[in-house]
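# A structural walkthrough
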Amino acid sequence: MINSKPVSSYITSILAIACGVIVANLYYAQPLIATIGSAVNLPLALSGLTVTFTQIGYVFGLIFLVPLLDLVENRRLVLITLIIAVLALIASIISKNAAVFLSASIFIGLGTTATQILVPYSAYLSDEQHRGATVGKVMSGLLLGIMLARPVSGIIAGTWGWQAVFLFSAVLTSILWLLLLKVLPKRQPVSGAAYGELIYSLWQIVSTTAILRRRAFYQTCLFGAFSLFWTAVPLWLADNFGLSQHGVAIFSFVGVAGAVAAPIAGRLADRKMTKPLTGAAVITATLSFLLTLMFMDFSILSLFVLIICAITLDMSVSGNLVLSQRIIYSLGDKVRGRVNGIFMAIFFIGGAVGSLLGSWSYSYGSWFMTASIGAMISFIAFLYYLTEKS
């Protein structure tokens with residue numbers, strides 16, 4: 001059982017670092033879709049599948065592994081999922097065709113669900129008064145992992161090739177496994193339910209929890225738009241501005257600034273400001289895409305606008321994620337693992353669709369089509385937001 005004392009900053013920092021290292025595995029392929037697609041014989045219009053299949057594996061893990069958070073000792077569950085991730089990363093390195101690489105991608109996604117065991121785990125460690133701030137700090141680490149994954153991937157691939165990216169991740173994840181084995185406290189959940197009952201209960205939770213459905217819809221739209229943007233923008237930067245893989249990597253660093261929204265949103269959520277901040281998030285995401293459509297030439301100004309929009313879009317997604325998690329984690333300790341799994345699975349389906357739409361829309365309609373779809377998806381979230389009662 002976990003110590004009842006308040007969560008220490010040391011453990012919180014370890015959890016934040018762990019989430020960042022693990023979740024990066026979902027995004028290493030994103031700026032490399034054209035390179036990997038060519039290596040494994042995927043056409044450009046389908047190259048987004050290299051990201052989509054990883055996210056599909058993540059969704060399966062969220063549905064079938066994360067609910068075990070309410071049944072199985074949590075540290076053991078984390079360590080097992082990380083072993084899956086390491087083995088899948090090794091398989092991706094040696095893959096020679098699309099079938100093998102995409103199969104490995106599914107298991108990379110499956111193993112990466114360790115993050116969604118650790119995030120609600122941090123909520124278990126915190127009391128109600130400080131839960132938003134604690135989750136916000138852990139989520140800032142996770143979001144930094146998401147945002148650093150793209151530039152790190154581009155730099156490594158530009159220097160040593162795309163296989164080196166997955167080798168780097170396999171080594172880093174293995175080191176993390178040893179660290180968590182040593183420092184992670186054990187937590188044995190108190191549950192009399194069988195695994196089958198837990199899985200069956202997922203539908204009951206979705207059908208009876210309106211706030212979960214609403215928050216999942218907001219984040220599905222925003223994360224779908226986010227995935228669409230970061231799948232297509234490396235292609236646009238290379239074609240429109242002539243950026244190399246290293247240049248795209250440098251651009252990707254701008255997304256790191258978006259992570260600052262996570263802890264801020266967590267603190268403001270503790271002050272009951274969730275609704276206005278949600279509205280600000282969906283409006284900002286919509287305007288971010290629309291602004292890029294106003295500057296589509298080859299100028300420095302156009303590139304600067306793209307940088308600003310990348311930052312504001314990332315802030316919208318990361319901020320709204322923490323707002324949503326603050327709400328759903330308050331639904332009860334006994335269902336927190338399942339609620340988190342449902343929430344993440346729903347919006348990662350949006351991310352998988354967004355990744356595929358990113359490569360498809362860019363292939364057939366260039367940036368204009370991609371940004372138009374992104375704005376439309378975000379605007380749908382805004383229209384739904386208008387139906388929210390005070």
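Just above sits the structure.
Residues numbered from 1 in each chain as written. Predicted model: local features only at pLDDT ≥ 70, side-chain atom pairs only at ≥ 80, totals over all residues. Heavy atoms only, no water.

The next point concerns the environment of F217. Looking at the element boundaries, F217 is found in helix α10 (residues 210-241). The exposure class of F217 is partly exposed, given its relative accessible area of 33%. Remark: the alpha-carbon pair of F217 and P67, spanning 150 residues in sequence, is separated by 20 Å. Setting aside residues up to four positions removed in sequence, F217 forms contacts with I380, A381 and Y384. (Helix = DSSP H or I, 4+ residues; strand = E, 2+ residues; numbered from the N terminus. Buried < 20%, exposed > 50% of the residue type's maximum accessible area, 1.4 Å probe, protein only. Contact = heavy atoms within 4.5 Å.)

On to the packing of aromatic side chains. Applying the stated criterion across every chain yields a total of 22 aromatic pairs. Here F60 and F64 contribute two aromatic rings whose centre-to-centre distance is 6.3 Å and whose plane-to-plane angle is 15°, an arrangement assigned as stacked. Taken together, the residues F60 and F64, both in helix α3 (residues 49-64) and four residues apart, mark about one turn of the helix. The class for F64 is partly exposed, based on a relative accessible area of 39%. Ring geometry for W162 versus F166: centroids 5.9 Å apart, planes at 85°, classification edge-to-face. Here W162 pairs with F166, and both are found in helix α8 (residues 162-183), just four residues apart, close to one helical turn. (Phe/Tyr/Trp six-rings, centres within 6.5 Å; stacked < 30°, edge-to-face > 60°.)

This part takes up the state of the cysteines. Under the defined criterion, the tally for this structure stands at zero disulfides. Unpaired in this structure, C221 has its nearest cysteine sulfur neighbour in C309, at a distance of 19 Å. When its relative accessible area of 7% is taken as the criterion, C221 is described as buried. (Disulfide = S-S within 2.5 Å.)

Glancing now at helix α15 (residues 336-385). Given 3.6 residues per helical turn, the α-helix brings residues three or four places apart onto the same face. Its 50 residues place the ends of α15 only 24 Å apart at the C-alpha level, less than the 74 Å of an ideal helix rising 1.5 Å per residue. For α15, the principal kink sits at G365 and spans about 135°. (Expected span 1.5 Å × (residues − 1). Bend = angle between axes of the 7 residues up to and from the residue.)

This paragraph deals with unusual backbone geometry. A positive phi angle, close to 65°, is found at N41, a residue other than glycine. Mapping N41 onto the fold places it in the loop between α2 (33-39) and α3. You can call N41 exposed: its relative accessible area is 63%. Of note in the backbone geometry, S366 takes a positive phi value of approximately 55° without being a glycine.

Each pair of packed helices gets described by two things: the angle between the helix axes and the distance between those axes. The contact between α3 and helix α5 (residues 98-112) brings their axes to 6 Å, and the two run at 40°. Of the possible angle classes, the one that applies to α3 and α5 is oblique. Where α3 crosses over α5, the handedness of that crossing is right-handed. Two secondary-structure elements touch here, α3 through L49, T50, F53, T54, G57, Y58, F60 and G61 and α5 through F101, L102, S105, I106, I108, G109, L110 and T112. Looking at the contact of α3 with α5 residue by residue, the classes come out as nine nonpolar, seven polar and no charged. (Axes fitted to C-alpha atoms, helices over the stretch in contact; angles between N-to-C directions. Parallel < 35°, antiparallel > 145°, perpendicular 65-115°, else oblique. Left-handed = near helix turned anticlockwise from the far one by under 90°. Nonpolar A, V, L, I, M, F, W, Y, C, P; charged D, E, K, R; others polar.)

Here we take up the side chain of T54. Along the chain, T54 turns up in helix α3. The contacts of T54, once residues within four sequence positions are left out, are N25, L26, S105, I108 and G109.

This model, assessed by the stated rule, comprises one salt bridge. Residue D314 is joined to R150 by a salt bridge in which the shortest nitrogen-to-oxygen separation is 3.9 Å. One end of the pair, D314, is in helix α14 (residues 300-328); the other, R150, is in helix α7 (residues 131-160), and 164 residues separate them in sequence. As far as the burial class goes, D314 and R150 line up, both buried. (Salt bridge = Lys/Arg side-chain N within 4 Å of Asp/Glu carboxyl O.)

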